[in-house]
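# Observations on chain architecture
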Amino acid sequence: MAEAHQAVAFSFAITHEGFDINYDQEVLNLVWNSGIRSWKKRLARANNGIRNGVYPAHIQSLWVITAIALGLHFAGLHVPFNLVNRLLINFPSNTINWQILACFLASLFVWLSICFTMRYTLKLLLMYKGWMYESRAPGSKVSLRTKLWAGAVKLFSSWNKPGLYSFQGSLPRLPAPSVHDTMTRYLRSVRPLLDDEKYQKMERLASEFEHTIGKKLQWYLILKSWWSTNYVSDWWEEYVYLRGRSPLMINSNFYGTDAIFMNLTQNQAARAANVIYLLLCFRRSIERQEMQPILIQGMIPLCSWQYERTFNTVRVPGLETDRIVHYRDSNHVVVLHKGCYYKVPIYHKGRLLRPCEMQVQIEEILKSTATPMPGEKYLAALTAWDRSKWAETRNTYFIRGPNRVSLNAIETAAFVVSLDEKPYEFDLQRPELLDEFGRTLLHGNGYNRWFDKSFTVCVGTNGRVGFNAEHTWADAAIAAHMWENLIMDDLLTDGADAPVMGHTWEYIFADDIDGYDENGNTKGIPEFQPPSPVHLSWALEPCLDRIEEATLAADKLISDIDLRILVHNQYGKGFMKKCRLSPDAYIQMALQLAYYRDAGRFSLTYEASMTRLFREGRTETVRPCTIESAAWVKAMDDTTKTIAERVTLLKEACERHQLGYQDAMCGNGIDRHLFCLYVVSKYLEVDSPFLNEVLSEPWRLSTSQTPHGQTPKMDLKKHPQCISSGGGFGPVADDGYGVSYIIAGEDLIFFHISAKKSCETTDAHRFADNICRALADIRAMFELHMKQNPTVSKKTVTNGSSSNTDSTKSN
């Protein structure tokens, strides 16, 4: 294995005989190729910038308009507004060349006018959100207004094939709700959590805030919403993520798993090589904007801003606040194995290495006899440490010498790959294996994940993979899209769909990837000996005590986390749709019932929704614990309530939940508005008892649905085995639960449940049992209701619901 070394590309000396010049031709070639690749990317970015700037118009249409202008002028006819002649007056002469230039400038003016008219017309159309509140269930009527709007949006969006960022200039800004509307929604959301006395107190605080300081704070917030692209996202990123001082591991980072029902190869090196290659192809599709933006209902775009920082990104620790650093390019990945860090080149002579060539590099690392330098094995524990302590250590021991060079290699890498020394196993009969799989991805051993990087790819010895992602750069939906694309491409490269591979490979641009051979190796023959990985060099002796302290802190965090991954295969969204209920609302109500039975009370519940219908939108909070959900939960254990009454109450609770989700997606949520008002109050140094009360409330039940089906290649009917079991995160509150779920199919749901062992009132395994019981009770209730009402049963089977909320979530 090649060790770290210094290379001199160019040197010279002056002697009495003249100049003596020496240079390394190979290194200079590397510099040349790197420069060529950089300029190609700059030109591609410039071309994409022009294309996106004029979307939905075509760049080619400029030449059509120019030809028309030339034809009209030289035919003796006037160009509109007589622009050509008006321009010629200001030119030195009236020769043919000047006339052609005048025609071109007049055409450019007309063309830009048309482009911006189309662009802002599309923006006005996308501001309409009435479609979100209209049911698309079979038999439901859509208003004429929405039909006309949909036709206009389709006309504009189908005019030209969009790039990844083509819609960015047409997406509307996130509006700031009125203080009165937010107060009304907030008070309604906390009613089931407070007794009469506490609720009256909260009403009084809310009214006082609305009619006093709230008006002033709102004025500043409206000004920010007019001036900035998004009035929430920059503050959310800074104050919720970057200013957080607690460790990223478990507290912030999240994980995602492999497609657990299939294992394409048992060869760790082969799977790692293919995954690296496919991720780099996904990176290339983002850079070239050849990946199309996600469109709800095939016409309404979601903001693509978060994709920009998927790769080549790191969160750099600071004493008071961290910062996100995104590098424009990276020509290497960093691989971590047995405590050693390796810089692995991914290009050779300007070409991206093929999987079979990358496998050679990975095998070289796996066969290496190199041992970690002092402190190197536990180095990554620093990224799992308190952020201020890690920043102080970084500023003291990593600002010069080999430590700075090696740390820079990690932070500038496209991403980090961890070759673990254990298998990732799954067996329905042994649920503890999947639990261990999740724990391995969530935190590993505390020092085999670089938690600062945008994501770390983890590869088990049996070829299964997963990832651990930092949360600041983007939300889970972006990482899920990347991972879903990876799983599907890895499946397709394995020859499962060889006849149709050409038109299903949307994001893969190589023509020589064939998956794995019968021995589990990547197919293909290397065209050359790929560049060897380089073992990074460290001088960590001065900070060994810091590394040891960070390792102990990481061990303490890990020993306190309890994770349970529940595979619920009794039924799934198929039965839920027969009940004419939104699957997401159905599951959220089950979680409310499970929590009430687990804790004996209701709690403030967080469900993440998106605001990507707006430019630079990220997330908003939906509050599933409502007056309606509380009434239904109590009715489930009330023997005086009939089955029909319980069913009616559940439907009302689900409808209220859907309304809350729709409000959140349309910019009418509660919590982001209150958060921004709080930030303004701190800037103005104004104390608000109401905001202090609101922001101090703990989220004891934090939930999130993992989206899937974001790529058109995801066809579960055709590839039922390729579904991932989703991912999870740690609990938000010390005495609460973190619950992530993925509706994986008609009869399959995965729940990732986390809690802290140090809390005596929570238990992840007990809560999983309560979820199973709640889901079983709801099913039994509906089956009995259908049995008692045969006409209702036939109607529900015939007219299964497809809700607005679920269609937008799955996209």
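Residues numbered from 1 in each chain as written. Predicted model: local features only at pLDDT ≥ 70, side-chain atom pairs only at ≥ 80, totals over all residues. Heavy atoms only, no water.

A few words now on the overall build of the chain. Along the backbone of the chain there are 26 helices and 23 strands. Counted over contacts in the chain with a minimum sequence separation of 6, partners at least 24 positions apart contribute 78%. (Helix = DSSP H or I, 4+ residues; strand = E, 2+ residues; numbered from the N terminus. Contact = heavy atoms within 4.5 Å.)

Quick look at the sheet that holds strand S17 (residues 561–568) now. Spatial ordering of the open sheet is given by S17-S23-S22-S20-S18-S19, a layout of 6 strands whose pairing is mixed. The open sheet has two free edges, formed respectively by S17 and strand S19 (619–622), since each of these has just one partner strand. If you compare each strand with its neighbour and ignore which way they point, the axes differ by 20 degrees on average. Relative to strand S23 (residues 748–756), S17 is paired through 8 bridges, and the arrangement is antiparallel. For Leu566, the partnering residue across the bridge sits in S23 and is Phe751. With respect to the sheet, helix H19 (residues 583–599) is in contact with strand S18 (605–610), strand S20 (701–705), strand S22 (737–745) and S23, its orientation differing from that of S22 by roughly 145 degrees. Across the sheet, helix H22 (residues 671–683) lies against S18 and S19, angled at about 115 degrees from S19, the strand it touches most. (Pairing = 2+ DSSP bridges. Axes fitted to C-alpha atoms, helices over the stretch in contact; angles between N-to-C directions.)

The subject of this paragraph is the nonpolar core. Burial of nonpolar side chains together is a common tendency in soluble globular proteins. Among the nonpolar cores identified, the biggest contains 122 residues, and Phe415 and Phe690 are the most heavily contacted of them. Per-element tally for this core: the top contributor is helix H10 (residues 268–287), with 13 residues. Those residues in contact with Phe690, other than ones at most four positions away along the chain, are Met183, Tyr186, Met202, Leu205, Ala206, Phe209 and Leu674. If you look at the next biggest cluster of nonpolar residues, it comprises 47 residues, including Tyr571, Phe602, Leu701 and Tyr741. (Core = buried A, V, L, I, M, F, W, Y, C linked by side-chain atoms within 4.5 Å. Buried < 20%, exposed > 50% of the residue type's maximum accessible area, 1.4 Å probe, protein only.)

Our focus in this paragraph is H10. Taking 1.5 Å of rise per residue, the 20 residues of H10 would be expected to cover 28 Å, and the 29 Å separating its terminal C-alpha atoms lies within 8% of that figure. Counting buried residues along H10, 19 of its 20 residues qualify, which places the element largely inside the surrounding structure. The N-cap of H10, judged by a side-chain oxygen 3.0 Å from the amide nitrogen of Ala269 a few residues on, is Asn267. (Expected span 1.5 Å × (residues − 1). Polar contact = N/O pair within 3.5 Å; in protein donor to acceptor, adjacent residues only side chain to side chain.)

Turning our eyes to something else, we now look at the packing of helix H20 (residues 627–636) against helix H21 (residues 643–665). Geometrically, a packed helix pair is captured by the angle between its two axes and the distance between the axes. At a minimum axis separation of 8 Å, H20 and H21 run at an interaxial angle of 155 degrees. One element, H20, and the other, H21, form an angle in the roughly antiparallel class. Pair H20 / H21 crosses with left-handed handedness. Listed contacts from H21 to Glu628, Ser629, Ala631, Trp632, Ala635 and Met636 of H20 are Arg646, Leu649, Leu650, Glu652, Ala653 and Arg656. Per-class residue counts for the contact of H20 with H21 are 7 nonpolar, 1 polar and 4 charged. (Parallel < 35°, antiparallel > 145°, perpendicular 65-115°, else oblique. Left-handed = near helix turned anticlockwise from the far one by under 90°. Nonpolar A, V, L, I, M, F, W, Y, C, P; charged D, E, K, R; others polar.)

Let's shift gears to the pattern of salt bridges. Overall, the coordinates contain 36 salt bridges when judged by the stated rule. When the shortest N-O distance is used, the salt bridge between Asp435 and Arg564 registers 3.5 Å. Remark: Arg564 occurs in strand S17 and Asp435 occurs in helix H14 (residues 431–442); sequence separation between them is 129 residues. Its relative accessible area of 14% is what places Arg564 among the buried residues. The partner of Glu436 in a salt bridge is Arg439, with the nearest N and O atoms 3.4 Å apart. Of the two residues, Glu436 and Arg439 both sit in helix H14, 3 residues apart, roughly one turn of that helix. One salt-bridge network, in which partners are shared between bridges, spans Arg245, Arg315, Asp322, Arg387, Asp452 and Glu470. (Salt bridge = Lys/Arg side-chain N within 4 Å of Asp/Glu carboxyl O.)

The subject of this paragraph is unusual backbone geometry. Here Ile250, not a glycine, exhibits a phi torsion of approximately 75 degrees, which is positive. With respect to the helices and strands, Ile250 occurs in the loop between helix H9 (233–242) and strand S4 (254–257). On the basis of relative accessible area, Ile250 is assigned to the buried category, the value being 3%. The backbone of Arg580 shows a phi angle near 60 degrees, a positive value even though the residue is not glycine. When you line up the elements, Arg580 lands in the loop between helix H18 (573–578) and H19. Exposure remark for Arg580: the relative accessible area of 33% places this residue in the partly exposed category.

Moving on, we get to the UniProt feature "active site" (unreviewed entry) in the chain. With numbering aligned to this structure, UniProt lists the feature "active site" (unreviewed entry) at His471. Take His471: it is sitting in the loop between strand S15 (465–469) and helix H15 (476–496). Owing to a relative accessible area of 17%, His471 belongs among the buried residues under this scheme. When near neighbours in sequence (up to four residues on either side) are disregarded, His471 contacts Tyr241, Ser252, Asn253, Phe254, Ala476 and Arg618. (UniProt positions renumbered as here; feature names shortened; annotations may be inferred.)

We now examine the environment of Tyr661. Mapped onto the elements of the fold, Tyr661 is located in helix H21. A sequence separation of 53 residues divides Tyr661 from Ala608, and the C-alpha atoms of the two residues are 9.2 Å apart.

Turning our attention to the side chain of Arg309. By the secondary structure assignment, Arg309 is in the loop between strand S6 (300–301) and strand S7 (313–316). Exposure remark for Arg309: the relative accessible area of 12% places this residue in the buried category. Within polar-contact distance, the side chain of Arg309 engages the side chain of Glu237 at 2.8 Å. If sequence neighbours within four positions are ignored, Arg309 has contacts with Glu237, Ile324, His326, Ser454, Thr472, Trp473 and Arg618.

Now for the UniProt feature "transmembrane region" (unreviewed entry) in the chain. When the UniProt feature table is mapped to this numbering, "transmembrane region" (unreviewed entry) covers residues 61–79 and 99–122. Here residues 61–79 is 74% helix and 0% strand, with 17 Å between the C-alpha atoms at its ends. Here residues 99–122 runs as 100% helix and 0% strand, with 35 Å between its end C-alpha atoms.

Turning next to the pairing of S7. Along S7, one buried face is formed by Thr313 and Arg315 and the opposite face, lined by Val314 and Val316, is buried too. Pairing of S7 with strand S8 (residues 323–326) involves 4 bridges; the strand directions are antiparallel. What sits directly across from Thr313, in S8, is His326.

Mapped onto the fold, Arg394 is located in helix H12 (residues 387–397). On the basis of relative accessibility, which here comes to 15%, the residue Arg394 falls in the buried class. Separated by 76 residues in sequence, Arg394 and Gly318 place their C-alpha atoms 9.0 Å apart. Once you skip the residues sitting within four places of it in the chain, Arg394 turns out to touch Val316, Pro317, Ile399, Leu407 and Glu411.

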